[in-house]
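Commentary on secondary and tertiary structure
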Amino acid sequence: MHTKPDSEAIGRFLDAQSNAAFSYAETGASRLGSPTGYNIDHNRILIGHAHENFRSAVAAIRAWKMFDMPWVELHSAAAPIEPGATVAIVVRHFGFWSMNTARIVYIIEESGDVEKFGFAYGTLAEHAESGEERFSVEFHHATGEVWYDLFAFSRPNHFLARLGYPLSRMLQRRFAEDSKRAMLRAVNEKIDHG
């Protein structure tokens with residue numbers, strides 16, 4: 001699309017995808033690693049020290065703050081973090097706009113020596129890529145460190161993503177870097193103003 005889709009177009013797109021199947025067979029595989037035949041991206045960043053930072057990071061995940069970047073919009077950022085919630089990701093790249101959909105596959109809520117919170121979502125049929133992405137935060141009791149962890153397995157799904165494979169991979173790397181910065185910013189803003 002050459003123009004940014006309006007909220008009505010995004011709503012229609014989400015409605016059309018509400019019953020769509022996942023675009024890959026290995027749903028939930030990001031819990032333990034990745035299936036064969038996919039690109040693997042694993043990114044981590046230290047975003048704080050102390051349980052207060054972890055609480056801020058959990059709030060940031062719940063508010064989809066990892067998508068706060070100028071070239072990506074999530075619809076709706078009010079979507080609950082629960083299995084089955086479907087979101088549209090609107091992306092401006094290379095002078096045009098695209099819309100993709102994903103659905104939350106599972107939630108992560110773990111306690112113990114390392115507390116974890118997050119979720120994974122999987123791509124639906126209309127997504128340019130096929131695969132799963134996990135967004136999580138961790139609090140390590142022994143060190144007090146708070147980490148943001150972003151893990152994905154993917155491969156091109158749409159003809160244009162296959163045709164522009166190097167550009168697709170570049171956008172995935174850019175998203176990971178911008179997502180890490182967004183989470184670091186969200187946790188620091190919460191501390192500074194919270």
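Scroll up to find the structure.
To keep things clear, this report deals only with the structure shown in the data block. Predicted, not measured: the structure shown is a model, and the values here were computed from it.

Points about the sheet that holds strand S4 (residues 96–110)
Strand order in the open sheet made by the 7 strands is S1-S7-S6-S5-S4-S3-S2, with antiparallel pairing throughout. Whereas interior strands pair on both sides, the edge strands pair on one side only; in this sheet they are strand S1 (39–49) and strand S2 (72–75). Strand-to-strand twist of the sheet, defined as the mean angle between neighbouring strand axes without regard to direction, takes the value 25°. Both S2 and strand S3 (residues 86–93) contribute to a ladder of 4 bridges, which runs antiparallel. Among the inter-strand pairings, His-75 is bridged to a residue of S3, identified as Ala-88. Running at roughly 55° to S4, helix H1 (residues 7–17) makes contact with S2, S3 and S4 of the sheet.

A few points about the environment of Leu-184
Within the secondary structure layout, Leu-184 lies in helix H4 (residues 165–193). Exposure remark for Leu-184: the relative accessible area of 27% places this residue in the partly exposed category. Taking the C-alpha atoms as reference, Leu-184 lies 8.6 Å from Ala-57; in sequence the two are 127 residues apart. With residues up to four places along the chain from it excluded, the contact list for Leu-184 reads Ile-45, Leu-46 and Ile-47.

Quick word on the environment of Asp-41
Position of Asp-41 among the secondary structure elements: in strand S1. Look at Asp-41 and you get buried, because its relative accessible area is 17%. Sequence separation between Asp-41 and Asn-19 is 22 residues, and the spatial gap between their C-alpha atoms is 28 Å. Of note is the side chain of Asp-41, whose polar atom sits 2.8 Å from the side chain of Arg-169.

Some details on the packing of aromatic side chains
A full pass over the atoms with the stated rule returns 12 aromatic pairs. Plain terms: the ring middles of Tyr-121 and Phe-135 are 5.3 Å apart, the flat faces sit at 80° to each other, and that makes the pair edge-to-face. Of this pair, Tyr-121 sits in strand S5 (residues 114–123) while Phe-135 sits in strand S6 (residues 129–140); the two residues are 14 residues apart in sequence, bridging distant segments of the chain. Three or more aromatic residues link up through ring pairs in this structure, and these residues are Trp-64, Phe-67, Phe-119, Tyr-121, Phe-135 and Phe-175. Of note, Arg-31 hangs over the ring of Tyr-106, and the distance from its end group to the ring centre comes to 3.9 Å.

Observations regarding unusual backbone geometry
Note: most residues except glycine have negative phi, and most peptide bonds are trans. Looking along the chain, the bond that leaves His-75 and enters Ser-76 is cis, with omega of 0°. Among the structural elements, Ser-76 can be located in the loop between S2 and S3. In the Ramachandran plot, Ala-50 falls in the positive-phi region, its phi being about 115° despite a non-glycine side chain. Within the fold, Ala-50 resides in the loop between S1 and helix H2 (51–62). On the accessibility criterion, Ala-50 (34% relative accessible area) is partly exposed. Of note, Trp-64 is a non-glycine position whose phi angle comes to about 60°, a positive value. Within the secondary structure layout, Trp-64 lies in the loop between H2 and S2.

Conventions we followed
Residues numbered from 1 in each chain as written. Predicted model: local features only at pLDDT ≥ 70, side-chain atom pairs only at ≥ 80, totals over all residues. Heavy atoms only, no water. Pairing = 2+ DSSP bridges. Helix = DSSP H or I, 4+ residues; strand = E, 2+ residues; numbered from the N terminus. Axes fitted to C-alpha atoms, helices over the stretch in contact; angles between N-to-C directions. Contact = heavy atoms within 4.5 Å. Buried < 20%, exposed > 50% of the residue type's maximum accessible area, 1.4 Å probe, protein only. Polar contact = N/O pair within 3.5 Å; in protein donor to acceptor, adjacent residues only side chain to side chain. Phe/Tyr/Trp six-rings, centres within 6.5 Å; stacked < 30°, edge-to-face > 60°. Lys NZ or Arg CZ within 6 Å of the ring centre and 35° of its normal.

Purely geometric stuff here, so don't read any function into it on its own.
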